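Single-letter residue listing:
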Amino acid sequence: MADQAPEPMLTVDELAARAGVTVRTVRFYSTRGILPPPVIGPRRVGHYGPEHLSRLALIEELQHQGMTLSAIERYLDALPDDLSAHDLAIHRALVASWAPDSAREVSRAELEKRAGRGLSDTDVRRLTAMNVLAASGDGFRVDVGLLRLGVALLDVPIAHETILAARTVLVEHTRSAAHELTALFRDEVWGPFTRDESDPERVESMKALSAHMQPMVVQALVTAFQRSLREELRAAFVSGETADGAAGGATGETSGGAAGGVSGRTSDGACGAVS
């Protein structure tokens, strides 16, 4: 069964609140053409969907990187027209992955504004357990890069302990991959080069190369992880008896839902957290 995109159900006010921006900002982006127009429903009310929310998140991330609105327009114009909310979430994760650390001191009101929703004391405790934020004086020190992921995970119908266990798996394995890749570069590239090269300028150029390689390595890591996750989900949920009775549900709902959920909603997370 083919996956069906969720119906656009958010009003402009709800979209702005979820994205942590103002209604005026949403309308401004629409007039500039960097946010697609809403779907017009009954009574001529515009409704927005997951793609709009993911695109807003990407725009905000690009602005956080210091890009001007004109540069963002050119960046978005270069993207394929048929990107889904899931694709945009992964793209945003890649953009955010090599951003500088973004911990900030915020008040409770500013935290909720950035989260795009009210946060209960239980929500705050869960976000704290996920290392998204920590109490600091009268407010909080929040990891802005992880906040969107943490807030999304609050609504995932999975036990909090399971989310923390998944985070541990991701941290351990990505740290191991980072260690092995760094050792490979050091032993096979950097070591032989510095032994045979005495020109200081060429040594500095090699140091610069290592920095330029980081985005490529991160992109390769995320791409490999995404494909591996898709294969594992397919093997886990579309096999044996499941393939007979629940194949339609598993491939559509689980693979497109769980895979779309795990590598869609979580990808905004998993990828961001991975990096």
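For the structure itself, look to the data block above.
Keep in mind that what you see is a predicted model, and the values were worked out from it rather than measured.

So, how was this worked out
- Residues numbered from 1 in each chain as written.
- Predicted model: local features only at pLDDT ≥ 70, side-chain atom pairs only at ≥ 80, totals over all residues.
- Heavy atoms only, no water.
- Pairing = 2+ DSSP bridges.
- Helix = DSSP H or I, 4+ residues; strand = E, 2+ residues; numbered from the N terminus.
- Axes fitted to C-alpha atoms, helices over the stretch in contact; angles between N-to-C directions.
- Contact = heavy atoms within 4.5 Å.
- Buried < 20%, exposed > 50% of the residue type's maximum accessible area, 1.4 Å probe, protein only.
- Core = buried A, V, L, I, M, F, W, Y, C linked by side-chain atoms within 4.5 Å.
- Parallel < 35°, antiparallel > 145°, perpendicular 65-115°, else oblique.
- Nonpolar A, V, L, I, M, F, W, Y, C, P; charged D, E, K, R; others polar.
- Salt bridge = Lys/Arg side-chain N within 4 Å of Asp/Glu carboxyl O.

### As for the sheet that holds strand 4 (residues 133-136)
On the basis of which strands lie adjacent, the open sheet formed by 3 strands has the order 3-5-4 and antiparallel pairing. Looking at strand neighbours, the two that pair on one side only are strand 3 (103-106) and strand 4, the edges of this open sheet. Geometrically, the sheet is characterised by an average inter-axis angle of 25° between neighbouring strands, direction not taken into account. Relative to strand 5 (residues 139-143), strand 3 runs antiparallel, the two being bridged by 4 bridges. Bridging from a neighbouring strand, Ala103 pairs with Asp143 of strand 5. Docked against the sheet, helix 8 (residues 144-154) engages strand 3 and strand 5, running at close to 95° with respect to strand 5.

### Quick look at the pairing of strand 4
The pairing of strand 4 with strand 5 spans 4 bridges and is classified as antiparallel. Each residue of the ladder has a partner; that of Ser136, found in strand 5, is Gly139. The antiparallel pairing of strand 4 with strand 5 creates a hairpin that spans 2 residues between the two strands, and Gly137 there sits at a positive phi of about 65°.

### Regarding the environment of Asp87
With respect to the secondary-structure elements, Asp87 resides in helix 5 (residues 85-97). You can call Asp87 partly exposed: its relative accessible area is 29%. In the structure, Asp87 is positioned 32 residues away from Arg55 in sequence and 9.9 Å away in space, judged by C-alpha atoms.

### Some details on the nonpolar core
Residues Leu15, Val26, Tyr29, Leu56 and Leu76 are the most contacted members of the largest nonpolar core, which totals 21 residues. Among the elements of the structure, helix 1 (12-19), helix 2 (23-32), helix 3 (50-64) and helix 4 (69-77) are those that each provide at least two residues to this core. With 5 residues, helix 3 is the largest single contributor of residues to this core. Of all hydrophobic cores here, the second largest spans 20 residues; its members include Met130, Val142, Val151 and Leu153.

### Brief notes about the packing of helix 1 against helix 2
Close contact between helix 1 and helix 2 brings their axes to 8 Å; oriented N to C, the two are set at 105°. One way to sum up the angle between helix 1 and helix 2 is to call them roughly perpendicular. Between helix 1 and helix 2, the contacting residues are Val12, Asp13, Leu15 and Ala16 on the first element and Val23, Val26 and Arg27 on the second. Residue composition of the contact of helix 1 with helix 2, grouped by class: 5 nonpolar, no polar and 2 charged.

### Some points on the pattern of salt bridges
Evaluated as defined, the whole model comprises 8 salt bridges. Its salt-bridge partner being Arg108, residue Glu112 comes within 3.4 Å of it at the nearest N-O pair. One end of the pair, Glu112, and the other, Arg108, are both in helix 6 (residues 108-115), 4 residues apart, so they sit about a helical turn from each other. The closest approach of N and O atoms between Glu110 and Arg114, which form a salt bridge, is 3.5 Å. Of the two residues, Glu110 and Arg114 both sit in helix 6, 4 residues apart, roughly one turn of that helix. Each of Arg108, Glu112 and Asp121 takes part in a single network of salt bridges with overlapping partners.

Fair warning: the whole summary comes from geometry, so function is off the table for now.
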